Amino acid sequence: MIRNSLIAAAAGLAVLGLAPLAATPALAAPKPAVSIERDGFAIQGHDPVAYFTQGAPVSGRADLTATYRGATFRFATPQNRTAFLADPARYAPQYGGYCAWAAAQGYTAPGRADHWRIVNGKLYLNYDRGVQRRWERDIPGFIAKADANWPRILDK
């Protein structure tokens, strides 16, 4: 009798939407397409175009921003913002700015602005220097694996 009452109560809670969501992982929201840090900006507020034009991570200005794929990017100069708006896919980091090595392994980790590399005209970020060293051992192989994993790993 008590068991039946508990089952009925659990069913009632589920119908009312009061059952714990942790019990239903299929309802978990996917990760955002672009990695956004606590500061609220992609690439920790660094200018994505500057990697290509200055060969270094450069902090963007608070008054020069653009939104792409739901994330806000900052820019160091108006010219960089204009270039980005004309072709955001050219300048935005691969895998939404998540770590390229992690994407090759089938999961996401934040990419860091100061652990980067441009390969075949595309910007890739890594989590830290140690991970970047691992990634550099087989960049083409890891890119191929990450490309195969992307974007379905956002659902994990």
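None of these values were measured; they are calculated from a predicted model. For every chain, the first residue of the written sequence is number 1, and numbering continues from 1 along that sequence. Two thresholds apply to this predicted model, a pLDDT of at least 70 for residue-level local features and 80 or more for giving and counting side-chain atom pairs, whereas whole-chain, interface and lining totals are computed over all residues. Side-chain metrics in this entry use all non-hydrogen atoms of the structure; hydrogen atoms and water are not considered.

K.L.:
Honestly, the side chain of Asn126 in this entry has me stumped. Any pointers?
P.N.:
Under the scheme used here, helices are H or I runs from DSSP no shorter than 4 residues and strands are E runs no shorter than 2 residues, and both carry numbers assigned from the N terminus. Looking at the secondary structure, you find Asn126 in strand S4 (residues 122-126). Only heavy atoms enter the contact rule, under which two residues are in contact if any of them lie within 4.5 Å. For Asn126, the residues in contact, after removing those within four places along its chain, are Cys99, Ala100, Trp101, Pro110, Gly111, Arg112, His115, Val131, Gln132 and Trp135.

K.L.:
Honestly, the packing of helix H6 (residues 129-136) against helix H7 (residues 139-149) in this entry has me stumped. Any pointers?
P.N.:
Two packed helices can be described by the angle between their axes and the distance between those axes. Helix axes are fitted only over the stretch in contact, all axes being lines through C-alpha atoms; the angle between N-to-C directions runs from 0 to 180 degrees. Across the interface, H6 lies against H7 with an axial gap of 7 Å and an inter-helix angle of 100°. Taken together, the axes of H6 and H7 lie roughly perpendicular to each other. Mapping the contact onto sequence places Arg134, Trp135 and Glu136 in H6 and Ile139, Phe142 and Ile143 in H7. Classification convention: Asp, Glu, Lys, Arg as charged; Ala, Val, Leu, Ile, Met, Phe, Trp, Tyr, Cys, Pro as nonpolar; all other residues, Gly among them, as polar. Of the residues that constitute the contact of H6 with H7, the class distribution is 4 nonpolar, no polar and 2 charged. Here the angle decides the label: under 35 degrees means roughly parallel, over 145 means roughly antiparallel, 65 to 115 means roughly perpendicular, and every other value means oblique.

K.L.:
I'm lost on the pairing of S4 in this one. Help?
P.N.:
In summary, the side chains of a regular strand alternate between the two faces of the sheet. Among the 5 residues of S4, 4 are classified as buried, and the element is accordingly described as predominantly covered. Across 5 bridges, strand S3 (residues 112-119) lies against S4 in antiparallel orientation. Residue Val119 lies in a different strand from S4, and its bridge partner there is Lys122. In textbook terms, the turn of a hairpin is the stretch between consecutive antiparallel strands, and for S3 and S4 this stretch comprises 2 residues, one of which, Asn120, has a positive phi near 50°. Categorising residues by exposure relies on relative accessible area from a 1.4 Å probe, with only protein chains included: less than 20% of the type maximum marks a residue as buried, more than 50% marks it as exposed, and the intermediate range marks it as partly exposed. Following DSSP output, two strands are said to pair if at least two bridges run between them.

K.L.:
Mind showing me how you'd approach the pattern of salt bridges here?
P.N.:
In a structure, side chains of opposite charge can pair up when their charged atoms sit close to one another. One side-chain nitrogen of Lys or Arg within 4 Å of one carboxyl oxygen of Asp or Glu is enough to make a salt bridge. This model, assessed by the stated rule, comprises 3 salt bridges. Here Arg117 and Glu136 are joined by a salt bridge, their closest N and O atoms 3.9 Å apart. Of the two residues, Arg117 sits in strand S3 while Glu136 sits in helix H6, which places them 19 residues apart along the sequence. For Glu136, a relative accessible area of 28% corresponds to the partly exposed category. Across the salt bridge formed by Glu136 and Arg129, the nearest N and O atoms sit 3.6 Å from each other. In this structure Arg129 comes out as partly exposed when scored by relative accessible area, which is 35%.

K.L.:
Please explain the confidence of the model for the protein as it appears in this structure.
P.N.:
For any part of a model where pLDDT is low, the fine detail of the predicted coordinates should not be relied upon. In the predicted model, the protein carries a mean pLDDT of 85, and the fraction of residues at 70 or more is 81%. The predictor rates its confidence in each residue with pLDDT, a number between 0 and 100. Under a pLDDT of 50 for its full length, residues 1-26 has, in the predicted model, 4 contacts with residues more than four places off or in other chains.

K.L.:
Just to check I follow, could you spell out unusual backbone geometry for this structure?
P.N.:
As a rule of thumb, non-glycine residues mostly have phi less than zero, and peptide bonds are mostly trans rather than cis. Cis geometry is found at the peptide bond from Trp150 to Pro151, where omega equals 0°. Summarising the element assignment, Pro151 is placed in the segment after H7. Of note in the backbone geometry, Ile43 takes a positive phi value of approximately 55° without being a glycine. The topology assignment puts Ile43 in the loop between helix H1 (2-16) and helix H2 (48-53).

K.L.:
Help me understand the nonpolar core in this model?
P.N.:
It is characteristic of soluble globular proteins that their nonpolar side chains tend to be buried jointly. Core analysis: the largest hydrophobic core is formed by 20 residues, its most contacted members being Tyr95, Tyr124, Trp135 and Ile143. Of all elements in the fold, only helix H5 (100-105), H6 and H7 reach the threshold of two or more residues within this core. Ranked by residue count, the leading element in this core is H5, at 5 residues. Discounting chain neighbours no more than four positions away, the residues touching Ile143 are Tyr95, Val119, Tyr124 and Trp135. Throughout this description, the term nonpolar core refers to a set of buried Ala, Val, Leu, Ile, Met, Phe, Trp, Tyr and Cys residues connected via side-chain atoms within 4.5 Å.

K.L.:
What should I look at first to understand the environment of Gly60 in this one?
P.N.:
Looking at where Gly60 falls in the secondary structure, it is placed in the loop between H2 and strand S1 (61-68). Note: C-alpha distance between Gly60 and Phe41 (19 residues apart in sequence) is 10.0 Å.

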